[in-house]
Amino acid sequence: MEEEKEKKESKKQKVEGVNAIVNPISTNNQLKYPKRFRIYDSGGKGYVFIEVMESAPFHLKIEDFVKRILNDPLLPSLKNKCKHCHRLIPVQIVVKAEMQDIGGAMKALISEHLPSSPSDPKKKFGILFKSRNNSSVQKEDCIKEIADMMGKNCEVDLKNPDYTVVVEVFKSACALSILTDYSLYSKFNMQQMIDKALPKK
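Predicted model, so just to flag it, every value in this text is computed and none were measured.

Asker: For this particular structure, what's the right way to read the overall build of the protein?
Answerer: Across its full length, the protein carries six helices and eight strands. Along the protein, from the amino end to the carboxyl end, the secondary structure elements read α-β-α-β-β-α-β-α-β-α-β-β-β-α. Across the 201 residues in the protein, those meeting the buried criterion constitute 33%. Intrachain contacts of the protein at a sequence separation of at least 6 include 64% that bridge at least 24 residues.

As structure tokens, then:
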């Protein structure tokens, strides 16, 4: 019972943390599907957060969920409906755009996705950093701090990484993920994935 209570508290804190950084958008869809998704305003033009709720009737990691969408055989038939969606990037955690918060979150993500062990084979990684409407988080400092956290069995390979560390800073928020198959999924570019799936003329 205590363990279940702690998990509920952790989920509550996670949602409250996101609410403190980006603002929920009230839409009719929220009323229709209140237990599946929640939409947030990123504060910047052309960027929207869509949170998959804990109570959603499917149990997939966010990266697997987005990959399933991009692999859906029906996706090419929805080309016109998806024309305003450029990229669908899985975000594993959102924190304040401050180096202390980014560093703490990255340690947790690295521990989960890139655990280090002397017997493990070498793992290649690359770091992608983008910043919009923010001057407090410096690209070089952020990349160096994250690279220094990587285990001894990790090495940099920007051309063909096994893992891609995505850092997206916008205004006061920072979205973080450690993703696989980044190039295979065309950098999670929905339009390119649709074009790949369309029959060749």
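So much for the structure itself; the text now carries on.
Asker: Where do I start with the environment of K171 in this structure?
Answerer: On the secondary structure map, K171 appears in the loop between β7 (163–170) and β8 (173–179). Placed 39 residues apart in sequence, K171 and R132 show a C-alpha to C-alpha distance of 6.5 Å. Once residues lying within four places of it in the same chain are set aside, the contact partners of K171 are G43, A97, R132, N133 and N134.

Asker: I tried to follow the environment of A173 on my own but got confused; where do I start?
Answerer: Along the chain, A173 falls in strand β8. Measuring from C-alpha to C-alpha, the distance between A173 and K96 comes to 4.7 Å, with 77 residues separating the pair along the chain.

Asker: I'm lost on the sheet that holds strand β4 (residues 93–96) in this one. Help?
Answerer: One key point about sheets: their strands pair by backbone hydrogen bonds, in either a parallel or an antiparallel sense. The five strands are arranged β4-β8-β7-β5-β6 in an open sheet whose pairing can be described as mixed. Every interior strand has two partners, whereas the edge strands, β4 and β6 (154–156), have only one. Pairs of neighbouring strands in the sheet enclose a mean axial angle of 30°, with direction left out of account. Sheet strands touched by helix α4 (residues 99–113): β4, β7 and β8. Its angle to β8, the strand with the most contacts, is close to 15°.

Asker: Just to check I follow, could you spell out the packing of α4 against helix α5 (residues 139–149) for this structure?
Answerer: Helix-helix packing is characterised by the crossing angle of the two axes and by the distance between the axes. Here α4 crosses α5 at 30°, and the two axes come no closer than 10 Å. Our classification of the angle between α4 and α5 gives roughly parallel. α4 and α5 meet at a crossing whose hand is right-handed. Judged by residue contacts, M99, I102, G103, M106, K107 and I110 of α4 engage D141, C142, E145, I146 and M149 from α5. Partitioned by chemical class, the residues of the contact of α4 with α5 number seven nonpolar, one polar and three charged.

Asker: Can you walk me through unusual backbone geometry in this structure?
Answerer: Phi is mostly negative for residues that are not glycine, and the peptide bonds are mostly trans. Positive phi, close to 60°, is recorded for D181, a residue that is not glycine. With respect to the helices, strands and loops of the structure, D181 is situated in the loop between β8 and α6 (190–197). Positioned with a positive phi, F188 is a non-glycine residue whose angle comes to about 60°. Mapping F188 onto the fold places it in the loop between β8 and α6.

Asker: Would you mind going over the confidence of the model for the protein with me for this structure?
Answerer: Any residue range with low pLDDT should be treated as having predicted coordinates unsuitable for detailed reading. For the protein, the average pLDDT comes to 83, and 80% of its residues sit at 70 or higher. Taken together, the stretch residues 9–17 has pLDDT below 50 and engages in four contacts with residues farther than four places along the chain or on a different chain.

Asker: How should I be thinking about the pattern of salt bridges in this particular structure?
Answerer: Side chains carrying opposite charge are able to pair once their charged atoms draw close together. For the structure on display, the rule yields seven salt bridges. In this structure, K67 and E63 form a salt bridge, with 2.9 Å as the shortest nitrogen-oxygen distance. You can see K67 and its partner E63 sitting in helix α3 (residues 62–70), four residues apart, about one turn around the helix. Residue classification places K67 among the buried positions, given a relative accessible area of 9%. When salt bridges that share partners are traced, they join E63, K67 and D181 into one network.

Asker: Help me out: how do you make sense of the nonpolar core in this one?
Answerer: In terms of nonpolar packing, the biggest core is built from 23 residues, with M106, V167 and L176 touching the most fellow members. Of all the secondary structure elements, the ones that give two or more residues to this core are α4, β5 (123–132), α5, β7 and β8. If one sorts the elements of this core by residue count, α4 sits on top with five residues. Judged by nonpolar contacts, the second largest core, of twelve residues, contains L179, F188, M190 and M193.

Calculation notes
Residues numbered from 1 in each chain as written. Predicted model: local features only at pLDDT ≥ 70, side-chain atom pairs only at ≥ 80, totals over all residues. Heavy atoms only, no water. Helix = DSSP H or I, 4+ residues; strand = E, 2+ residues; numbered from the N terminus. Buried < 20%, exposed > 50% of the residue type's maximum accessible area, 1.4 Å probe, protein only. Contact = heavy atoms within 4.5 Å. Pairing = 2+ DSSP bridges. Axes fitted to C-alpha atoms, helices over the stretch in contact; angles between N-to-C directions. Parallel < 35°, antiparallel > 145°, perpendicular 65-115°, else oblique. Left-handed = near helix turned anticlockwise from the far one by under 90°. Nonpolar A, V, L, I, M, F, W, Y, C, P; charged D, E, K, R; others polar. pLDDT = per-residue confidence, 0-100. Salt bridge = Lys/Arg side-chain N within 4 Å of Asp/Glu carboxyl O. Core = buried A, V, L, I, M, F, W, Y, C linked by side-chain atoms within 4.5 Å.

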